[in-house]
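For reference, the chains in residue letters:
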Amino acid sequence: MSKQTYSFCFCFRRRFRLPVSEAPPEIKTLFHRYSNEQGVMTASHVRSFLVEVQKEESATEEDAQAIIDGHKHLSIFHRRGLNLESFFNYLFSHHNNPPLSSSLGVHQDMSSPLSHYFIYTGHNSYLTGNQLSSDCSDLPIINALQMGVRVIELDIWPNASKNDVDVLHGRTLTSPVALIKCLRSIKQYAFVASEYPVVITLEDHLTPDLQAKVAKMVTRTFGDILFSPSSESLKEFPSPESLKRRIIISTKPPKEYNEAKDVQEEEEESQKEKPVDDEEAWGKEVPSLRGGTISDYKNIEDEDDLDDGDDTDEAENSRQNASDEYRRLIAIHAGKPKGGLKECLKVDPDTVRRLSLSELQLEKAAETHGKEIVRFTQRNILRVYPKGTRITSTNYNPLIGWMHGAQMVAFNMQGYGRSLWLMQGMFKANGGCGYVKKPHFLLESGLNDEVFDPKADLPVKKTLKVTIYMGEGWFHDFKHTHFDQYSPPDFYARVGIAGVPCDAVMKKTGTIEDNWSPSWNKAFEFPLSVPELALLRVEVHEYDMSEKDDFGGQTCLPVWELRSGIRAVPLYSQKGEKYENVKLLMRFEFI
């Protein structure tokens, strides 16, 4: 089909020619530079292009010939090399020319302790929707595991009769789901996306006799794949490599709850919360980390009051009453010592543990104890979870956790939005295995025992130059009236960086009108102070003069895994699902 017809004003019709994707001018120039007089790129030419432009220094002529052989449609005159069309097709194939080195699989060292890795972490993993009234199910757990999530959270409470155990959402004590069903689903799907360990964090509200019952459920369900440490406390966490295909339990002893009061307080707090209204079809902008002050967090707990509904300073006393069977299951101990934040962040050279802070508690703590948090996370695990008023399962900016070394930045996986896109982008790294090695500066102390200061002004380490040439595929993946009832779409792109505050920025191309295959040919430069924590954000939107702009696709890519050169970049839906055909042609250069 070469033309497309749109109706307007009831009786008038407009026809638009559907353009065929054509190589951008710079691609044509490169082709002529790396081809012979007959307009053919031989294996030798292709290898030179791979080495000099794509920065694939180890590329051989055999690799180049394999690219040529992959184009079976070549005519008899071009079987010894690529013509311009086949060269363009090769570059614009995200299957053959992906943007990330993670396409090569797991490539980071996996033999360090668990505390040396960012871990793909879910929050309230059993919820199907909002935090108060949505159903409980094992389906969200299955979906999370299939996406590569490695930390699953379960709330366990006594049921109404106090004689059995339920998995319940929020703190409303409704819609129970049998714990055993969730455990079986975890066992079945734990290692579908990754062989590396799955951690189950239990928010435990049980009496000791019910703890013993849970211990039997867990032991019978997981059997030999359950990791049980030889001693009650670990001096150092094991490595992901040593824990392949193992299940790990992390929790703390139970505590007393005034359940009715908790429910009432959360309902009152939720009424104060402004309803989340996605003013933009693609989700609200990620909250900035710039300019935050302690006054921004004036409503959260004082430093000495760190009760978060997950860990408490009563943990050690409660532990004395816990069943031995249950205690032996716990490989990663959670809890908050008495004495406030300073005590919580003390590093014990003889044992390791997990500490949990809400997003607001972390923001407050980072104002005055940023370096201490970094030092704590060099050996211990820090879990950050969404504030209780995120009733609609929204999320926060994960960078504040990552830049302080927090391993478990826990997210609601039920919805969508830019914050969740950052989370999904981070864990595209390292083959999508759910574990990403932390940068060395978050793992090591200096000669004078100094550690990374997230608030320090740092010099530019390198500059990323991003060229966005063009996009295509919307015509195949969307109805022709999806974006505009009366004409083809008017696409523009947003390109930027999420990272430490001084690196964060977003830029924008112009709008290409009435074109299903827009060619922007726009270059941007991004000076980066901490490229090891930078994520490249790319979004495409369709300009609408009278209404909100429409969402056209997004992706988020870890900068440290970008492959230099010209690459095909697939785009994803709001929920993080890859489109079948929508993709961009981009170039990445480190200068």
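If you're wondering where the values come from, they're calculated on a predicted model, not measured in any experiment.

About the thresholds
Residues numbered from 1 in each chain as written. Predicted model: local features only at pLDDT ≥ 70, side-chain atom pairs only at ≥ 80, totals over all residues. Heavy atoms only, no water. Helix = DSSP H or I, 4+ residues; strand = E, 2+ residues; numbered from the N terminus. Buried < 20%, exposed > 50% of the residue type's maximum accessible area, 1.4 Å probe, protein only. Core = buried A, V, L, I, M, F, W, Y, C linked by side-chain atoms within 4.5 Å. Domains from an automatic or database assignment. Contact = heavy atoms within 4.5 Å. Pairing = 2+ DSSP bridges. 1 Å grid on protein atoms, 1.4 Å probe; cavity = no way out; pocket = protein on both sides within 12 Å on 5 of 7 lines; lining within 4 Å. Points joined across faces, edges and corners; volume = space filled by probe spheres on them. Nonpolar A, V, L, I, M, F, W, Y, C, P; charged D, E, K, R; others polar. Salt bridge = Lys/Arg side-chain N within 4 Å of Asp/Glu carboxyl O. Axes fitted to C-alpha atoms, helices over the stretch in contact; angles between N-to-C directions. Parallel < 35°, antiparallel > 145°, perpendicular 65-115°, else oblique. Left-handed = near helix turned anticlockwise from the far one by under 90°. Phe/Tyr/Trp six-rings, centres within 6.5 Å; stacked < 30°, edge-to-face > 60°. Lys NZ or Arg CZ within 6 Å of the ring centre and 35° of its normal.

On to the environment of D138. Structurally, D138 is set in the loop between β4 (121-122) and α5 (139-147). On the basis of relative accessibility, which here comes to 10%, the residue D138 falls in the buried class. A sequence separation of 43 residues divides D138 from K181, and the C-alpha atoms of the two residues are 7.0 Å apart.

Membership of the largest hydrophobic core comes to 74 residues, with the highest contact counts inside it found for I152, L154, I186, I200, I247, W402 and M423. In terms of residues, this core owes the most to one element, helix α7 (residues 208-222), which gives 6 residues. Two domains share this core, each providing at least three of its residues, namely domain 1 (114-259 + 321-439) and domain 2 (456-590). Sequence-distant contacts of I247, defined by excluding residues within four places in its chain, comprise I186, A190, F191, V198, I200, F222, I225, L226 and F227. Listed in part, the 32 residues of the second largest apolar core include A493, W520, V538 and M586.

Moving on to the pairing of strand β13 (residues 408-411). Side-chain alternation along β13 places M408 and A410 on one buried face and V409 and F411 on a second face that is also buried. Inspection of the sheet shows β4 paired to β13 by 2 bridges, in the parallel sense. Bridging across to β13, T121 finds its partner in A410. Examined bridge by bridge, strand β12 (residues 381-385) and β13 share 2 bridges and lie parallel to one another. Looking at the pairing, R383 lines up with M408 of β13.

As a volume, the second largest pocket reaches approximately 1000 Å³. Considering the residues around the second largest pocket, the lining is formed by 41 residues, among which M147, Q424, K428, Y572 and G576 are closest to the centre. Those elements that place two or more of their residues in the lining of the second largest pocket are α5, α14 (418-426), β20 (550-558) and β21 (565-572). Residue composition of the lining of the second largest pocket, grouped by class: 18 nonpolar, 19 polar and 4 charged. Residues lining the lining of the second largest pocket come from more than one domain, with at least three contributed by each of domain 1 (114-259 + 321-439) and domain 2 (456-590).

Attention shifts here to the pattern of salt bridges. All chains considered together, the criterion is met by 20 salt bridges. Here K244 ties to E241 by a salt bridge, and the two come within 3.4 Å at their closest N and O atoms. Classification of K244 as partly exposed rests on a relative accessible area of 31%. Look at E241 and you get partly exposed, because its relative accessible area is 37%. Across the salt bridge formed by E285 and R494, the nearest N and O atoms sit 3.3 Å from each other. Placement of the pair is E285 in the loop between α8 (259-272) and α9 (315-319) and R494 in strand β16 (residues 491-498), with a sequence separation of 209 residues. By relative accessible area, which is 34% here, E285 ends up partly exposed.

Listed as buried for helix α4 (residues 84-91) are S86, F87, F88, Y90 and L91. Looking at the packing, one finds that the buried side of α4 touches α1 (25-33), α2 (43-52), α3 (61-69), β15 (462-472), β21 and β22 (578-590).

With that settled, consider the packing of α5 against helix α6 (residues 179-189). For the pair α5 and α6, the least separation of the axes is 9 Å and the interaxial angle reads 20°. Relative to α6, α5 is oriented roughly parallel. For the pair α5 and α6, the crossing hand works out as right-handed. Residues I141, I142, L145 and Q146 of α5 touch α6, and the partners they reach there are C182, S185, I186 and Y189. Residues belonging to the contact of α5 with α6 are distributed by class as follows: 6 nonpolar, 2 polar and no charged.

A separate point is the packing of aromatic side chains. Throughout the structure, instances matching the rule amount to 19 aromatic pairs. Note on F49 and F87: the rings are 5.1 Å apart at their centroids and 80° apart in plane angle, and the pair reads as edge-to-face. Residue F49 is found in helix α2, and its partner F87 is found in helix α4; the two are separated by 38 residues along the sequence. For the pair F49 and F87, a shared accessibility class is recorded, and that class is buried. Measuring from centroid to centroid gives 5.8 Å for F475 and W516, while their planes differ by 70°, and the two rings are edge-to-face. Here F475 is found in helix α15 (residues 474-477), whereas its partner W516 is found in the loop between β17 (505-508) and β18 (519-528), with 41 residues between them in sequence. Lying across the ring of Y492, K508 places its NZ or CZ 4.4 Å from the centre. K583 extends its terminal NZ or CZ atom over the ring of F92, reaching a point 5.0 Å from the ring centre.

Turning to the packing of α2 against α3, a few remarks are in order. Interhelical geometry of α2 versus α3 gives an angle of 110° and a closest axis separation of 8 Å. By the angle class used here, α2 and α3 are roughly perpendicular. Here A43, S44, V46, R47 and L50 of α2 come into contact with α3, specifically with E61, A64, Q65, I67 and I68. Considering only residue class, the contact of α2 with α3 consists of 6 nonpolar, 2 polar and 2 charged.

Glancing now at the side chain of T467. Mapped onto the secondary structure, T467 falls in strand β15. Residues within four places of T467 in sequence aside, it is in contact with K522, A523, L585, M586, R587 and E589.

Attention now goes to the pairing of strand β19 (residues 535-542). By the criterion of burial, β19 is predominantly enclosed, with 8 of the 8 residues buried. Neither face of β19 is open: one carries L535, R537, E539 and H541, the other L536, V538, V540 and E542, and all of them are buried. Relative to β20, β19 is paired through 8 bridges, and the arrangement is antiparallel. By the bridge assignment, R537 is partnered in β20 with C556.

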